[in-house]
Amino acid sequence: MTDPASKEPAAPRLRPVVRAMIWATVPVLLLVQLLASAGVEVSSFWSQVKQLDARMARVAESRAELIAEPLWKMRYDRVTGVLNEIMHDETIAAAAVYDDTGAVIARVVARSESPSIAEVSRPIHYSNGNISVQAGRIAIAYSHAALYADAGSRLVLLLVVGLLATFATLIAMRISANIFIGRPLAVMMSAIQRSKQDGRAYPADVKSSNEFGQLARAFNAMQHTTSGALDRLGHMAGHDPLTGLPNRRSLTERLAVASRDRGRPDALVAFCFIDLDDFKGINDTFGHEAGDQFLVHISQRLRRAVETEDWVARLGGDEFVVIRPEVSNEASAHAFAQQVLAAISEPIRLHDKQVVPRASIGLAVRRADDPELSHLPTLADIALYHAKSKAPGTVAVLDEALQREYRRRRDLELAIPAGFAEGQFEVWYQSQVDLESQEVVGLEALIRWRHPEHGVIGPAEFLPLIERSGNNARLTRYVLTDACWALQRLAAAGRPQIRIAINLPPSELADHSLAAELRATCARFDVSASLLELEITEGSLINNIASASETLHRLRRLGATIALDDFGTGYSSLAHLRRFPLDKVKIDKAFISEIPDSAEDKAIVGVIASLADTLGLTLVAEGIERAEQAEAMREMGVRFGQGYFYQRPQPLDAVLQWLEKRPAVESRVLADSPSIAPEFA
């Protein structure tokens, strides 16, 4: 028989294995936890740094918005006050505001010496009506020192402990991971790989009831949840979050599918491109929250106005699309677009106020089997441009004429750089005459474009393209240079007293460098700025009241004359005549054309003349085409006149030849002075 005592050593051999496993696992788990804590600490530290950086960026952006208006209007005490408001933040060391020239406008320093200084800078944009300029920038210096000090002490302690236990962790993981971790993970990784291959959810088949079993069950539940979340994300990617309508991405995909699948050959697709008129006015009047509600109302109306098979989308901002996949003819498509427009135009209540929405629609109709249905947004946009520019609040249907107009407009827009580079833009001049003496006292500079393919193009066609391409300033400098050169030639021809008038676009009134450039150009040609007359419109004054006043005062100090052009067609506010440094008022030709037959127009001109006399302003009548008009203007106290009765716009050489042949005083000026291109005069 075997002695029972001989079996006793077996138990101790089992106990050391369990004990060893415990001693091997527990320290390792503690070490892993320690290292994980260190990683979390580091991650937390960088997260705090990023949060601080992001917070400072938001502070800079918010203060840039607050500072924009006072900076542009040079209210520097308000700028400094805004900077002082952020100095209570202990992380901020200093802040400064610079104007558009880089000069320091305001600076506030909280701590002169602070380690770990970072800086954030943001541009300051000023927007008012049609103008949007960069008025300067704001810079904020702040410190990460507190974050470094706090995180450093904790990180050092954690790293020291972690390094000591790293070697033990590697050995223990090598022994135990394969048994206790590797197998369950392999099962879950297999499920993940299969899910990645076809996008379906595959459960991890781990039957154990320990932690890995719980992990597997949690993994399976997460896959189920993720699958639903992905579906929701897919919906969000293709839909507008505000209105719930499909977005531009969905539109592109839908048109691509329609182009690929083709529809019935005899069916037509009606594509309505909708743009709300004056939506900015809704936001400005009622606020952006009400503006969002307004858009939601419009989207709901569009949904109700269409059939089940129709499709409605919001492309962004105030732009919507409605597609009817099958219409019988273009007339039906137009009737459908009118129905949509009528649905939009029903009144909406915002903040207890009744608002009548207005919209313009561009309609494009194409065959359902057209392989280029994806071009429908561009085609409808061509028609929408026509509606917005020619007849807002209507439906414009795309036709060959509009497409030709669009191609011509695009050709001209693309040719603008070459037009400047090759000197295709020409400055023509039209005389201004003293109605009493019949003497020529001035010339107005008028721009023309002699295009190599399209011939002479009038400003009404290409000036909007110049403005949209951002070349307004370049064109103004171009005309200014030519005008100074013309003054030089007039002086050489014995006409040094003749002034030249230049039209200033609204954007130039926001450019405070214009006065310096005018001075430099006059100096380059050795002409006096007092021989220049700068014409502005009422609309440009309204949209740029603060900057316009400053710019006009600078130009006036140089000696230039300031004239208000097209008076009577804009706001015609007496406040404008008093507020701005004006010398002349030009009566728009719309009030001259029916004189002396129209008693109403004579009364209007009489009131303007009386007002100008009271305010000490000189009057110029535009559009004089007959002798009786000139006589009526003179009798009503208008001093100067301009129009075809005296001279059509012509290149400078032709004007100089006419002036050379013209006697000093005569009762009839240039009875026959045909324009080189009368239809563009």
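Residues numbered from 1 in each chain as written. Predicted model: local features only at pLDDT ≥ 70, side-chain atom pairs only at ≥ 80, totals over all residues. Heavy atoms only, no water.

### Quick word on the environment of aspartate 277
Stated precisely, the cut-off is as follows: The numbering of helices and of strands both runs from the N terminus, where a helix is a DSSP run of H or I of at least 4 residues and a strand a run of E of at least 2. Contact criterion: two residues are considered in contact whenever any of their non-hydrogen atoms come within 4.5 Å of each other. N or O atoms closer than or at 3.5 Å make up a polar contact, with two conditions inside protein: a donor-capable atom paired with an acceptor-capable one, and, for residues adjacent in sequence, both atoms drawn from side chains.
Along the chain, the position of aspartate 277 falls in the loop between β5 (268-276) and α6 (279-286). Separated by 81 residues in sequence, aspartate 277 and arginine 358 have C-alpha atoms that sit 5.3 Å apart. Apart from the residues within four sequence positions on either side, aspartate 277 is in contact with Arg358, Ala359, Ser360, Lys388, Pro392 and Gly393. A distance of 3.1 Å separates polar atoms of two side chains, one belonging to aspartate 277 and the other to serine 360. At 2.7 Å, the side chain of aspartate 277 forms a polar contact with the side chain of lysine 388.

### Observations concerning a nonpolar patch on the surface
Rules: Excluding any residue in a salt bridge, patches collect residues exceeding 30% relative accessible area, merging like charges within 9 Å and nonpolar Val, Leu, Ile, Met, Phe, Trp and Tyr side chains within 5 Å. Surface accessibility follows the Shrake-Rupley procedure with a 1.4 Å probe radius. Residue values consider only the protein chains on display as shielding. Any Lys or Arg side-chain nitrogen located within 4 Å of an Asp or Glu carboxyl oxygen qualifies as a salt bridge. Only protein chains enter the accessibility calculation, which uses a 1.4 Å probe. A residue is then buried if its area is under 20% of the maximum for its type, exposed if over 50%, and partly exposed in between.
Together, Val42, Trp46 and Tyr148 make up an exposed nonpolar region whose accessible area comes to about 280 Å². Mapping valine 42 onto the fold places it in helix α1 (residues 10-72). Assessed through its relative accessible area of 31%, valine 42 is described here as partly exposed.

### Points about helix α11 (residues 459-468)
Put simply, the test is: Think of the arc as the fan of directions from the helix axis to the C-beta atoms.
All buried positions along α11 are accounted for by Phe462, Leu465 and Ile466. The buried residues of α11 all sit within an arc of 105° when viewed along its axis, so they share a single face. Exposed and oriented more than 90 degrees from the buried face of α11 are Ala460 and Glu467. On its buried face, α11 sits against α10 (400-421), β12 (425-434), β13 (440-451), β14 (455-457) and α12 (472-492).

### Let's talk about the nonpolar core
The cut-off we apply is this: We call a set of buried Ala, Val, Leu, Ile, Met, Phe, Trp, Tyr and Cys residues a nonpolar core when their side-chain atoms join them within 4.5 Å.
The biggest cluster of nonpolar side chains holds 75 residues, and the ones touching the most others in it are Tyr429, Ile500, Leu532, Leu555, Ile624 and Met633. Element by element, the count of residues in this core is highest for α12, at eight residues. In contact with leucine 555, not counting residues within four places along its chain, are Leu504, Leu514, Ala515, Leu518, Leu534, Ala560 and Ile562. Judged by nonpolar contacts, the second largest core, of 36 residues, contains Phe45, Val120, Val133 and Tyr142.

### Focus on the packing of aromatic side chains
Put simply, the test is: Pairs were defined over the aromatic rings of Phe, Tyr and Trp, the Trp ring being its six-membered one, requiring ring centres within 6.5 Å. Orientation was assigned from the angle between planes: stacked under 30 degrees, edge-to-face over 60, tilted for the rest. Should the NZ of a Lys or the CZ of an Arg lie within 6 Å of a ring centre and within 35 degrees of the ring normal, that charge is described as sitting over the ring.
Enumeration over the complete set of coordinates arrives at nine aromatic pairs. Here phenylalanine 425 and tryptophan 449 contribute two aromatic rings whose centre-to-centre distance is 4.8 Å and whose plane-to-plane angle is 35°, an arrangement assigned as tilted. Of this pair, phenylalanine 425 sits in strand β12 while tryptophan 449 sits in strand β13, and the two are 24 residues apart along the sequence. Phenylalanine 425 gets classed as buried once you look at its relative accessible area, which sits at 2%. Members of the aromatic cluster, joined through ring pairs, are Phe420, Phe425, Trp449, Phe462 and Tyr478. Looking at arginine 137, its charged tip hangs above the ring of tyrosine 98, at a distance of 4.2 Å from the centre. For the cation-ring pair, arginine 409 lies above tyrosine 385, with the distance from its terminal atom to the ring centre recorded as 3.6 Å.

### Quick word on helix α8 (residues 330-344)
Rules: Here, expected helix span is obtained from the residue count minus one, scaled by 1.5 Å.
Over its 15 residues, α8 extends 21 Å from the first C-alpha to the last, a length consistent with the 21 Å expected when each residue adds 1.5 Å. Buried residues along α8 sit against β5, α7 (288-305), β7 (319-327), β10 (359-367) and β11 (395-397).

### Looking at the pairing of β12
Short version of the rule: Strand pairing is defined by DSSP finding a minimum of two bridges between the two strands.
Of all 10 residues making up β12, nine are buried, and the element is well covered by its neighbours. The pairing of β12 with β13 spans nine bridges and is antiparallel. When the bridges of β13 are listed, valine 427 appears paired with isoleucine 447. Hairpin connection from β12 to β13: five residues lie between these consecutive antiparallel strands, with glutamine 438 at a positive phi of about 65°. As paired elements, β12 and strand β21 (residues 650-651) share two bridges and run antiparallel to each other. Counted as the bridge partner of tryptophan 428 is proline 651 from β21. Of the pairings in the sheet, the one linking β12 to strand β20 (residues 640-641) comprises two bridges and is antiparallel in character.

### Topic: the sheet that holds strand β4 (residues 131-143)
To keep things clear, this is the line we draw: Note on definitions: angles span 0 to 180 degrees between N-to-C directions of axes, and those axes are lines fitted to C-alpha atoms, for helices only across the stretch in contact.
Within the open sheet, the four strands sit side by side as β2-β1-β4-β3. Their pairing is antiparallel. A strand with exactly one partner marks an edge of an open sheet, and here the two such strands are β2 (104-109) and β3 (117-128). The sheet shows a mean angle of 15° between the axes of neighbouring strands, direction not considered. Relative to β4, strand β1 (residues 92-99) runs antiparallel, the two sharing seven bridges. What sits directly across from alanine 94, in β4, is alanine 141. Running over the sheet, helix α2 (residues 76-85) touches β1, β2 and β4 and is turned about 30° from β2.

### Points about unusual backbone geometry
The residue after isoleucine 595, namely proline 596, is reached through a cis peptide bond having omega 10°. For proline 596, the position within the fold is in the loop between β18 (584-587) and α17 (599-615). Phi at methionine 74 takes a positive value of approximately 60°, unusual for a residue other than glycine. Examined against the element boundaries, methionine 74 turns out to sit in the loop between α1 and α2. For glutamine 438, which is not glycine, the phi dihedral falls at a positive 65°. If you trace the backbone, glutamine 438 turns up in the loop between β12 and β13.

### With respect to the pattern of salt bridges
Applying the stated criterion to the full structure yields 25 salt bridges. Residue glutamate 533 pairs with lysine 584 through a salt bridge whose shortest N-O separation is 2.7 Å. You can see glutamate 533 sitting in strand β16 (residues 532-537) and its partner lysine 584 sitting in strand β18, a full 51 residues away along the chain. The partner of lysine 586 in a salt bridge is glutamate 535, and the shortest N-O contact between them spans 2.7 Å. Of the two residues, lysine 586 sits in strand β18 while glutamate 535 sits in strand β16, which places them 51 residues apart along the sequence. For the pair formed by lysine 586 and glutamate 535, the shared burial category is buried. Bridged by salt links that share partners, the residues Glu444, Glu535, Lys586 and Glu622 form one connected network.

### Some words on the sheet that holds β7
Taken together, five strands build an open sheet; the order of strands is β6-β7-β5-β10-β11 and the sheet is mixed. Because the sheet does not close on itself, it has two edges, and the strands there are β6 (311-316) and β11. If you compare each strand with its neighbour and ignore which way they point, the axes differ by 20° on average. Summarising the sheet, β6 and β7 pair through five bridges and their orientation is antiparallel. Residue pairing across strands places alanine 313 opposite valine 321, the latter belonging to β7. Of the strands in this sheet, β5, β6 and β7 touch α7, which is tilted by about 5° from β7.

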